[in-house]
Amino acid sequence: YPPGYVLMGGAIHLASLRSLATETIYQLLLWVAYLAPGITSFWLMARACRNPWVALFTALAVLTMSAGSRSGVEGGLRIGMIAARLGLGLLPLLALALSGWQERGGRPSGWTAPLLAGLLLLHPAHAPAGILLVLLAGVFGPGGDARRQRLVQTVWLLALAAGLTGFWTIPLGARLEYALPLAWGEFSLGGLGLQILSRPLLAVAASGAALGLALVSQRGDTRGAALSLVALPPVLLVTVAVDALIVEPWGIRWLPADRLLDSLYLA
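Residues numbered from 1 in each chain as written. Predicted model: local features only at pLDDT ≥ 70, side-chain atom pairs only at ≥ 80, totals over all residues. Heavy atoms only, no water.

Participant: Honestly, the pattern of salt bridges in this entry has me stumped. Any pointers?
Facilitator: Any two side chains of opposite charge can pair, given that their charged atoms come close. One pass over the full model with this rule turns up two salt bridges. Among the ionic pairs, Glu74 bridges to Arg78, the shortest N-O distance being 3.4 Å. Taken together, the residues span about one helical turn, with Glu74 and Arg78 both in helix α4 (residues 73–78) at a distance of four residues. The exposure class of Glu74 is partly exposed, given its relative accessible area of 34%. Salt-bridge contacts for Asp262 lead to Arg259; the nearest nitrogen and oxygen are separated by 3.3 Å. By the burial criterion, Asp262 is buried, and Arg259 matches it. (Salt bridge = Lys/Arg side-chain N within 4 Å of Asp/Glu carboxyl O. Helix = DSSP H or I, 4+ residues; strand = E, 2+ residues; numbered from the N terminus. Buried < 20%, exposed > 50% of the residue type's maximum accessible area, 1.4 Å probe, protein only.)

What follows is the structure in structure tokens.
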């Protein structure tokens, strides 16, 4: 199983000089897992929209998201997918770390690769969304002579994140046939559309994402983080479809498309 959650607990245990009981650390991480997606979404949207009230609405929606999401309140806390919910809380932080690099150029934040690595170590179900965020940040940034440099920096970020997780991913890859799938269930594009349309908030969010993509594209500004944020849902939707319709029929079912839906809901 992904070791990130256990490593967090061990770090808290050591930081407290071994004074906190295991039960106390577990309860503390439950509260962190519950609050993290809402808080990090607020930080990201407050910076992206320059409007804390819009950010507050987003934070409340993400904080209470549950139905049909294994990283939601029901699945991420009561049923026990705590690591998956912690990973969901890291996605907005990763986007926030990338935003300065997109807008000002130069070097990416030193937090970017560790955040992507932490995402993978907490739960690989959110890793595709994290990788897509890095790729989109590399594409939608300052152009001109900086494009080649940004391409090199993007590859370097992905390689560094992979290196930081190698102590777990390399043995996992060598013994992947022994790994259980991270979810079970049937997936279809029609089923995904039905899930979105059957939940009013998700239908509104999907419509807003499409409208936002159209509006930001019309502005013609590809330097900011806004374009990559509104481009994430359709790109992630294509990723889910490729996983369900191409990758899984080939017999590669270790990361089923069902588990990628949580990141799509957040996007």
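Still to come is the rest of the account.
Participant: Just checking my understanding: could you explain the nonpolar core for this structure?
Facilitator: Among soluble globular proteins, nonpolar side chains are generally buried collectively. Grouped together as the largest cluster of nonpolar side chains are 51 residues, with contacts concentrated most on Tyr5, Leu86, Leu91, Leu94, Leu98, Leu116 and Leu133. Mapped by element, the contributors of at least two residues to this core are α2 (22–49), α5 (82–104), α6 (112–122), α7 (127–139), α8 (146–164), α11 (200–219), α12 (226–247) and α13 (261–266). No other element matches α5, which puts 11 residues into this core. Ignoring anything within four residues of it in the chain, the contact list for Leu116 reads Leu94, Gly130, Ile131, Val134, Leu158 and Ala161. (Core = buried A, V, L, I, M, F, W, Y, C linked by side-chain atoms within 4.5 Å. Contact = heavy atoms within 4.5 Å.)

Participant: Would you mind going over the environment of Ile12 with me for this structure?
Facilitator: Structurally, the position occupied by Ile12 is in helix α1 (residues 4–15). A relative accessible area of 22% means that Ile12 is categorised as partly exposed. Every residue in contact with Ile12, bar those within four places of it in the chain, is listed here: Leu20, Ile25, Leu28 and Leu29.

Participant: Before we go on, may I ask you to explain α2 in this structure?
Facilitator: Note on helix geometry: an α-helix contains 3.6 residues per turn, so any two residues three or four positions apart are oriented the same way. The first and last C-alpha atoms of α2 sit 40 Å apart over 28 residues, in line with the 40 Å expected at 1.5 Å per residue. Of all the bends in α2, the greatest, near 40 degrees, is centred on Leu35, and the proline Pro37 appears no more than four residues after it. Taken together, the buried positions of α2 are Ile25, Leu29, Ala33, Ala36, Pro37, Gly38, Thr40, Ser41 and Leu44. Next to the buried residues of α2 lie α1, α3 (52–64), α4, α5, α12 and α13. Phi turns positive, to about 55 degrees, at Arg50, one or two residues after α2. (Expected span 1.5 Å × (residues − 1). Bend = angle between axes of the 7 residues up to and from the residue.)

Participant: Would you explain a nonpolar patch on the surface in this entry?
Facilitator: Nonpolar side chains collect at one region of the surface, where Val238, Val242, Leu245, Ile246, Trp250 and Ile252 lie side by side and expose about 620 Å² of accessible area between them. As for its placement among the helices and strands, Trp250 is situated in the loop between α12 and α13. Overall, the relative accessible area of 67% leaves Trp250 in the exposed class. (Patch = residues over 30% accessible without salt bridge, like charges linked within 9 Å, V, L, I, M, F, W, Y side chains within 5 Å. Areas by Shrake-Rupley, 256 points an atom, 1.4 Å probe, with all protein chains shown as cover.)

Participant: What exactly am I supposed to notice about the side chain of Ser99 here?
Facilitator: With respect to the helices and strands, the residue Ser99 is situated in helix α5. With relative accessibility at 2%, the residue Ser99 sits in the buried group. Setting aside residues up to four positions removed in sequence, Ser99 forms contacts with Arg47 and Ala225.

Participant: I keep staring at the packing of aromatic side chains and nothing clicks. Help me out?
Facilitator: Evaluated as defined, the whole model comprises one aromatic pair. Ring centres of Trp31 and Tyr34 lie 6.2 Å apart, and the angle between their planes is 75 degrees; on these two criteria the pair is classed as edge-to-face. Here Tyr34 and Trp31 lie together in helix α2, a separation of three residues that amounts to about one turn. Since its relative accessible area comes to 56%, Trp31 is described here as exposed. Looking at Arg150, its charged tip hangs above the ring of Trp101, at a distance of 4.1 Å from the centre. (Phe/Tyr/Trp six-rings, centres within 6.5 Å; stacked < 30°, edge-to-face > 60°. Lys NZ or Arg CZ within 6 Å of the ring centre and 35° of its normal.)

Participant: Is there a simple way to think about α3 in this case?
Facilitator: Spanning 13 residues, α3 covers 18 Å between terminal C-alpha atoms, matching the ideal 18 Å at 1.5 Å per step. Those residues of α3 that sit buried are Ala55, Ala59, Val62 and Leu63. For α3, the buried positions fall inside an angular range of 95 degrees around the axis, keeping them on one side. Among the exposed residues of α3, those oriented more than 90 degrees off its buried face are Trp53, Phe57 and Thr64. (Arc of directions from axis to C-beta.)

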